[in-house]
Amino acid sequence: ALPNAMRLLIVTQKVDRNDPILGFFHRWIVEFAKHADRISVICLEQGEYNLSKNVSVYSLGKEHNADLRGLARGLARTKYITRFYHHIWSLRNEYDVVFVHMNQEYVLLGGLLWKFLGKKVAMWRNHHFGNVFTRIAVVFCDKVFCTSKYSFTAQFKKTILMPVGIDTNLFKRDESISRIPHSILFLGRISPVKRPDILIDAVALLKKKNILAEVRLYGDPALQDKKYFELLKEKTSTLGLAKQVHFYPGIPNEKTPAIYNQYEVFINASPSGMYDKTIFEAMACESLILTSNLNLRGQVDDMFIFKESNAEDMAKKLQKIFELEKWEKKRYGEILKTYVHNKHSIDLLAEKFAKYFIL
């Protein structure tokens, strides 16, 4: 644990335990609070939260301006930036270390001031894409954290590879839920980068072999991906898969364990630079996985890894998984669960953070 004097400022996009995408971060704050004397959280948007007494949350106010467009949206953005500077300055005596989660923009905005104030800065960024602004943000950081060795930020000397951070008390096998035979789950943002289209192609290939899979996709598209989402549904219908493939809206992260527990196979086709947490949440629930993520090569059986962007290989591997005996599926599920417990639990993540926050 951290010494009592350790005080932390966390800057993140959203504090809302019910958010389908970012709800997990609420549990991260809960866990970090066990290791810190005091935590101040600045978020762009706040929803429902339940945090310990040593945590204070300050919102930049996006929750009041979600539907703004054009000039009004630009003005709101100016307000957020003004509030951000107000908070990091007025709270300056309340924190020693800054932890920016996912958004490099905050490091670009606050980096100089934090250096002037003598604060240590750590950034979490896990994405295959990066640019000159990412490089500038890294210059302002004392430490950079990511989980994927294929992440853009993995190349820097100050970068540390971290556990993914799964709450294994929440994500676990529920024996009262039986798994749907030949079922496949996709859970996450519906976006071209996540490649759900490959799953649709693979299911069509299986159908040609008379292997009928039950497929559910849970997730919402961002505004810019709505057209892609419509095309995906159109493709499903054109390939004659409307009876097998069903789309559902995103659900709060805390409610996903019951979903993972219903399916035999969880699919993730994101590029290796991403390393989606959903892969590990599924494994913690003893679901079998199929992913193209190369970070897992050598960590899990090759049967669970398919060639990136390759629907034929995905279909071939799915067939192999479906053909496993029931006891084999159970044994593999337990192996995958143990891997998450030993390498990627939230406790491990918080301990490692605690160690590095004494920078």
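Before any of the text, the structure's been laid out above.
These numbers were taken from a predicted model, which means no experiment stands behind them. (Residues numbered from 1 in each chain as written. Predicted model: local features only at pLDDT ≥ 70, side-chain atom pairs only at ≥ 80, totals over all residues. Heavy atoms only, no water.)

Asker: Please provide a residue-by-residue account of the overall build of the protein chain, values included.
Answerer: When helices and strands are counted, the protein chain shows eleven helices and twelve strands. C-alpha atoms of the protein chain, sized along the principal axes, occupy 65 × 45 × 40 Å. Looking at the protein chain alone, contacts between residues at least 24 apart form 67% of all its contacts between residues at least 6 apart. About 16,500 Å² of surface is accessible on the protein chain, with carbon and sulfur atoms providing 53% of the total. The positive charge centre, built from 53 side chains, and the negative charge centre, built from 38, are 5 Å apart in the protein chain. (Helix = DSSP H or I, 4+ residues; strand = E, 2+ residues; numbered from the N terminus. Contact = heavy atoms within 4.5 Å. Areas by Shrake-Rupley, 256 points an atom, 1.4 Å probe, with all protein chains shown as cover. Lys, Arg positive; Asp, Glu negative; His and termini not counted. Charge placed at Lys NZ, Arg CZ, Asp CG, Glu CD.)

Asker: Please give an account of the sheet that holds strand S9 (residues 214-218) that cites residues and values.
Answerer: Spatial strand order, S10-S9-S8-S11-S12: five strands in an open sheet with parallel pairing. In this open sheet, the two strands that pair with only one neighbour each are strand S10 (245-248) and strand S12 (288-291). Pairwise comparison of adjacent strand axes, ignoring direction, gives a mean angle of 25 degrees for this sheet. Where S9 lies against S10, four bridges are found, and the strand directions are parallel. Across the sheet, Tyr-218 pairs through a bridge with Tyr-248, a residue of S10. Sitting on the sheet, helix H8 (residues 277-284) is in contact with strand S8 (180-187), strand S11 (263-268) and S12, with an inclination near 165 degrees to S11. (Pairing = 2+ DSSP bridges. Axes fitted to C-alpha atoms, helices over the stretch in contact; angles between N-to-C directions.)

Asker: Before we move on, could you go through the side chain of Thr-256 and cite the residues and values that matter?
Answerer: Its location among the elements puts Thr-256 in helix H7 (residues 256-260). What Thr-256 contacts, discounting residues up to four positions off in sequence, is Phe-171, Leu-187, Ile-251 and Glu-281.

Asker: Help me get a handle on the pattern of salt bridges, residues and values and all.
Answerer: Under the defined criterion, the tally for this structure stands at 21 salt bridges. Measuring nitrogen to oxygen at the nearest pair gives 3.6 Å for the salt bridge that ties Lys-337 to Glu-286. You can see Lys-337 sitting in helix H10 (residues 326-343) and its partner Glu-286 sitting in the loop between H8 and S12, a full 51 residues away along the chain. (Salt bridge = Lys/Arg side-chain N within 4 Å of Asp/Glu carboxyl O.)

Asker: Summarise the pairing of strand S3 (residues 55-59); cite the residues concerned and give the values.
Answerer: S3 sits mainly inside the fold: four of its five residues count as buried. By the bridge criterion, five bridges tie strand S2 (residues 38-46) to S3 in an arrangement that is parallel. Counted as the bridge partner of Val-41 is Val-57 from S3. (Buried < 20%, exposed > 50% of the residue type's maximum accessible area, 1.4 Å probe, protein only.)

Asker: I'd like a description of the packing of helix H2 (residues 70-90) against helix H3 (residues 104-117), backed by residues and values.
Answerer: Two elements in contact, H2 and H3, have axes separated by 11 Å at closest approach and are oriented at 25 degrees. Judged by the angle between their axes, H2 and H3 are roughly parallel. Both H2 and H3 take part in a crossing whose hand is right-handed. Between H2 and H3, the residues in contact are Ile-81, Phe-84, Tyr-85, Ile-88 and Trp-89 and Tyr-106, Leu-109, Gly-110, Leu-113, Trp-114 and Leu-117, respectively. (Parallel < 35°, antiparallel > 145°, perpendicular 65-115°, else oblique. Left-handed = near helix turned anticlockwise from the far one by under 90°.)

Asker: Give a description of the packing of aromatic side chains that names residues and reports values.
Answerer: Inspection of the entire model under this criterion finds 21 aromatic pairs. An angle of 65 degrees between the planes, with centres 6.1 Å apart, marks the rings of Phe-171 and Tyr-260 as edge-to-face. With a gap of 89 residues between them, Phe-171 in the loop between strand S7 (159-161) and S8 and Tyr-260 in helix H7 connect regions that are remote in the sequence. Here Phe-171 matches Tyr-260 in class, with each residue buried. Among the aromatic residues, those joined into a cluster by ring pairs are Phe-24, Phe-25, Trp-28, Phe-32, Phe-99, Trp-124, Phe-145, Phe-353 and Tyr-356. (Phe/Tyr/Trp six-rings, centres within 6.5 Å; stacked < 30°, edge-to-face > 60°.)

Asker: Pulling in residues and values, what's your account of the side chain of Asn-268?
Answerer: One can find Asn-268 in strand S11. Every residue in contact with Asn-268, bar those within four places of it in the chain, is listed here: Asp-276, Thr-278, Ile-279, Leu-290, Thr-291, Ser-292 and Phe-306.

Asker: An account of the environment of Met-123 is requested, with residue identities and associated values reported.
Answerer: As for its placement among the helices and strands, Met-123 is situated in strand S5 (residues 120-124). Note on Met-123: relative accessible area 0%, which makes it buried. The spacing of Met-123 and Val-138 is 15 residues in sequence and 7.9 Å in space, taken between C-alpha atoms. With residues near it in sequence (within four places) discarded, Met-123 still touches Phe-99, Val-100, Gln-104, Val-107, Ala-137, Val-138, Cys-141, Lys-143, Val-144 and Phe-145.

Asker: I'd like a description of a positive patch on the surface, backed by residues and values.
Answerer: A surface patch of like charges, here positive, comprises Lys-62, Arg-69, Arg-73, Arg-77 and Lys-226. Along the polypeptide, Arg-77 turns up in helix H2. (Patch = residues over 30% accessible without salt bridge, like charges linked within 9 Å, V, L, I, M, F, W, Y side chains within 5 Å.)

Asker: With reference to specific residues and values, describe the nonpolar core.
Answerer: Ranked by internal contacts, the top residues of the largest apolar core, which has 59 residues, are Phe-280, Met-283, Leu-296 and Met-314. Among the elements that make up this core, the one with the highest residue count is helix H5 (residues 196-208) (seven residues). What Met-283 contacts, discounting residues up to four positions off in sequence, is Ile-289, Leu-296, Val-300, Gly-333, Leu-336, Lys-337, Tyr-339 and Val-340. (Core = buried A, V, L, I, M, F, W, Y, C linked by side-chain atoms within 4.5 Å.)

Asker: Describe H10, and please don't skip the residues or the numbers.
Answerer: Between its terminal C-alpha atoms H10 stretches 26 Å, which fits the 26 Å expected from 18 residues at 1.5 Å a residue. Restricting attention to buried positions, one finds in H10 the residues Glu-328, Lys-329, Tyr-332, Gly-333, Leu-336, Tyr-339 and Val-340. With its buried residues spanning 135 degrees around the axis, H10 presents them on a single face. Opposite the buried face of H10, at more than 90 degrees from it, the exposed residues are Lys-326, Trp-327 and Asn-342. Residues of H10 that are buried make contact with S11, H8, S12 and helix H9 (311-322). (Expected span 1.5 Å × (residues − 1). Arc of directions from axis to C-beta.)

No statement about biological role is implied by the geometric values presented.
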